[in-house]
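Given next are the chains, with one letter for each unit.
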Amino acid sequence: MNVLHIAPHLGGGVGKAHAALAETALGLADPGAVRHRFVLLEPPRDTHFVDRVRAAGCPVAIAPEPRELARLVTDADIVQVEWWNHPRLYALLAANALPAMRLALWVHISGLAPPLIPARLAALADKVLFTSPCSLKADNLAAAVAARPKAFDVVNSGFGFDAPPRPRHAAPKVRIGYLGTLDFIKLHPGFFDMVDAVTGDIQVSLWGTLDPAGEVAARAAAMRHPERVRFEGYASDPRAVLGALDLFLYPLNPQHYGTGENALVEAMSVGAVPLVWDNPAETAIVSHERNGFVAKTIEAGVALIERAVCNPQRLLRMGAVGARDMARTHAPAASLNLFARHYAELMGEPRRHRDFAGPLGTDGRAWFLSTLRPHTDGPEGADTGASRFFCARAAKGSLGHFRGCLPEDPSLNALGVA
């Protein structure tokens, strides 16, 4: 069975997931049963995950010519589009140039907050596989899921480490830290208020790339107790960093659109107990008071931190539960087994041409913008001030990729892209 993966690139969580899956597949009894090939629509900025995928025996073609891409699609038994709202995917699919295929989507955004998963795109796929069960609750997909429940499922993309790097012992002083994006697009904007309001002496280490002139650095400096926060820089060995923590402080912005949450799963896999915000993607992983803590307010978060620092033995017990949970539910082998089942089912489907441009419109810009806002009374593609704000802030410049991806469009000037 030949599976062709089409992705804008293999960076970040998507690349990390596929590298882990490819390496795990090498150890299977029949590694040749499914052969994976990747097409990347743009050259990688960082080749780390691409190199790992290739080393595991998966060929990778980068920005192939249209004729070569069509040949690869024709040769594949299954085409799996690694979906997130990237303009190069819109440009490719809206061109309607791909041959008949069996189509699976592995969806790497939640669709609960912008960017939305295009409902009409999901309707065109034979299989729609989410990376979190929270995506099944996306309002604009409710009708599609109800109509074809067997076409939708969840396959995790966030994987833990194989085992804790060392035996864990309750530390005299609870070690608290965060590892991830140091930007309020991802990090909850009340993070530093929460740390500041804790009664008692705590120290919180943050690993990640910090903009010293940015908003995060400014908010930290404005704390009443700025000495509580230490910016540690980039974590070259995240397993060692997370394995040294007792409490993983991981409250994320409710508008973030991640699903697999690699850092959260990795932290739990080595026994660090997470404290997360009450967001659907995180609460699909963290069970309050069982393997972690869930806060709905800043005040609740403060109280939970204060309780945690007073009871390191309880953290040790909860961390062991979380490590067992992640070993059972968030391992590459578990995801490979799910993929194998869905691929086998897909092989019973005929190859079909997909009219992406027809139902979704030939205007790739409108299609892209339609995913960047919640549904209102207007049509899916209606432009709104809210979507303009989201595009400018949360898309983090990805609209700029439209230059060179889609035909010249003067209306992009309104979004500061053209």
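Preceding this section is the structure that the text describes.
Positions within a chain are numbered from 1, following the residues in the order the chain's sequence is written. Reporting in this predicted model follows two pLDDT cut-offs: at least 70 for local features of residues, and 80 or more for side-chain atom pairs to be given and counted; totals over whole chains, interfaces and linings ignore these cut-offs and use all residues. Side-chain descriptors were evaluated using all non-hydrogen atoms of the structure, hydrogens and water having been removed beforehand.

Within the protein chain one finds 17 helices and 13 strands. Scored against the burial criterion, the 418 residues of the protein chain give a buried share of 54%. In what follows, a contact means two residues having at least one pair of non-hydrogen atoms within 4.5 Å. For the protein chain, restricting intrachain contacts to residue pairs at least 6 apart in sequence, the fraction spanning at least 24 positions comes to 75%. Helix and strand definitions here come from DSSP, where helices need a minimum of 4 consecutive H or I residues and strands a minimum of 2 consecutive E residues; each element is numbered from the N-terminal end. Accessible area is worked out with a 1.4 Å probe on protein chains only. A residue is then buried under 20% of its type maximum, exposed over 50%, and partly exposed in between.

Three or more residues of helix α2 (residues 48-55) are buried, namely F49, V50 and V53. An end-on view of α2 places all buried positions within 105° of arc, on one side of the element. Looking at the buried side of α2, the elements it contacts are α1 (12-25), β2 (35-40) and β3 (60-62). One or two steps after α2, the chain reaches G57, where phi turns positive at roughly 95°. Comment: arc refers to directions from the helix axis out to C-beta atoms.

Take the sheet that holds strand β6 (residues 127-130) next. Here the rule is simple: two strands pair whenever DSSP picks up at least two bridges between them. Pairing is parallel in the open sheet, where seven strands are placed in the order β3-β2-β1-β4-β5-β6-β7. The open sheet has two edge strands with one neighbour each: β3 and β7 (152-154). Ignoring which end each strand starts from, the neighbouring axes of this sheet average 20° apart. Here strand β1 (residues 2-7) pairs with strand β4 (residues 78-83) via four bridges, running parallel. Paired with I6 across the bridge in β4 is V81. Angles run from 0 to 180 degrees between N-to-C directions of axes, and those axes are lines fitted to C-alpha atoms, restricted for helices to the stretch in contact. Relative to β4, helix α4 (residues 87-94) is tilted by about 140°, and along the sheet it contacts β1 and β4.

For strand β12 (residues 273-277), the buried fraction is high: five of the five residues fall into the buried class. Where burial is concerned, the two faces of β12 agree: the one with V273, L275 and W277 and the one with P274 and V276 are both buried. By the bridge criterion, four bridges tie strand β11 (residues 247-250) to β12 in an arrangement that is parallel. From the neighbouring strand, Y250 faces β12, where its bridge partner is V276. For the handedness criterion, the β-α-β arrangement of β11, helix α10 (residues 262-269) and β12 is classed as right-handed. Strand direction decides the pairing type here: β12 and strand β13 (residues 293-295), joined by three bridges, are parallel. Opposite L275, over in β13, you have F293 as the bridge partner. Think of it like this: strands point away, you trace from the first strand over the helix to the second, and a clockwise trace means the crossover is right-handed.

Between P114 and P115 the backbone carries a cis peptide bond, its omega angle lying at 10°. Along the chain, P115 turns up in the loop between β5 (103-107) and α5 (119-124).

With that settled, consider the packing of α1 against α2. Running from amino to carboxyl end, α1 crosses α2 at an angle of 20°, the nearest separation of the two axes being 8 Å. Classified by the angle between their axes, α1 and α2 sit roughly parallel to one another. Helix-helix and strand crossings are classified by hand; for α1 and α2 the assignment is left-handed. Taken together, the residues of α2 that come into contact with α1 (itself represented by G12, G15, K16, H18, A19, A20 and E23) are F49, R52 and V53. Residue polarity follows a fixed list, in which Ala, Val, Leu, Ile, Met, Phe, Trp, Tyr, Cys and Pro are nonpolar, Asp, Glu, Lys and Arg are charged, and the others, Gly among them, are polar. In terms of residue class, the contact of α1 with α2 is built from four nonpolar, three polar and three charged. Any angle that is under 35 degrees is reported as roughly parallel, and any over 145 degrees as roughly antiparallel; angles of 65 to 115 degrees are reported as roughly perpendicular and all others as oblique. The sense of a crossing depends on the near helix, which, turned anticlockwise from the far helix by less than a right angle, makes the crossing left-handed and, turned clockwise, makes it right-handed.

Strand order in the open sheet made by the six strands is β10-β9-β8-β11-β12-β13, with parallel pairing throughout. For this open sheet the edge positions go to β10 (229-233) and β13, each flanked by a neighbour on one side alone. Going across the sheet, the axis of each strand differs from the next one's by a mean of 25°, ignoring polarity. Bridge count for strand β8 (residues 176-179) against strand β9 (residues 204-207) is four bridges, and the pairing is parallel. Each residue of the ladder has a partner; that of G177, found in β9, is S205. The sheet strands contacting α10 are β8, β11 and β12, and the helix crosses β11 at an angle near 170°.

This paragraph deals with the nonpolar core. Residues belong to one nonpolar core when they are buried, are Ala, Val, Leu, Ile, Met, Phe, Trp, Tyr or Cys, and are joined through side-chain atoms within 4.5 Å. Counting residues in each nonpolar core, the largest one holds 53 residues, and the members touching the most others are I6 and W83. When near neighbours in sequence (up to four residues on either side) are disregarded, W83 contacts L89, Y90, L93, W106, V107, H108, I109, P118 and L121. Formed by 52 residues, the second largest nonpolar core is a distinct cluster that contains V174, V229, A272 and L315.

Let us now look at the pattern of salt bridges. For salt bridges, the criterion is a side-chain nitrogen of Lys or Arg within 4 Å of an Asp or Glu carboxyl oxygen. This model, assessed by the stated rule, comprises 21 salt bridges. Among the ionic pairs, E261 bridges to K186, the shortest N-O distance being 3.0 Å. Taken together, the positions of E261 in the loop between β11 and α10 and K186 in the loop between β8 and α7 (191-197) put the pair 75 residues apart, joining distant regions of the chain. Using a relative accessible area of 5% as the deciding quantity, one classes E261 as buried. Across the pair E232 and R230 runs a salt bridge, and its minimum N-O distance is 3.5 Å. The partly exposed category is assigned to E232, whose relative accessible area is 29%.

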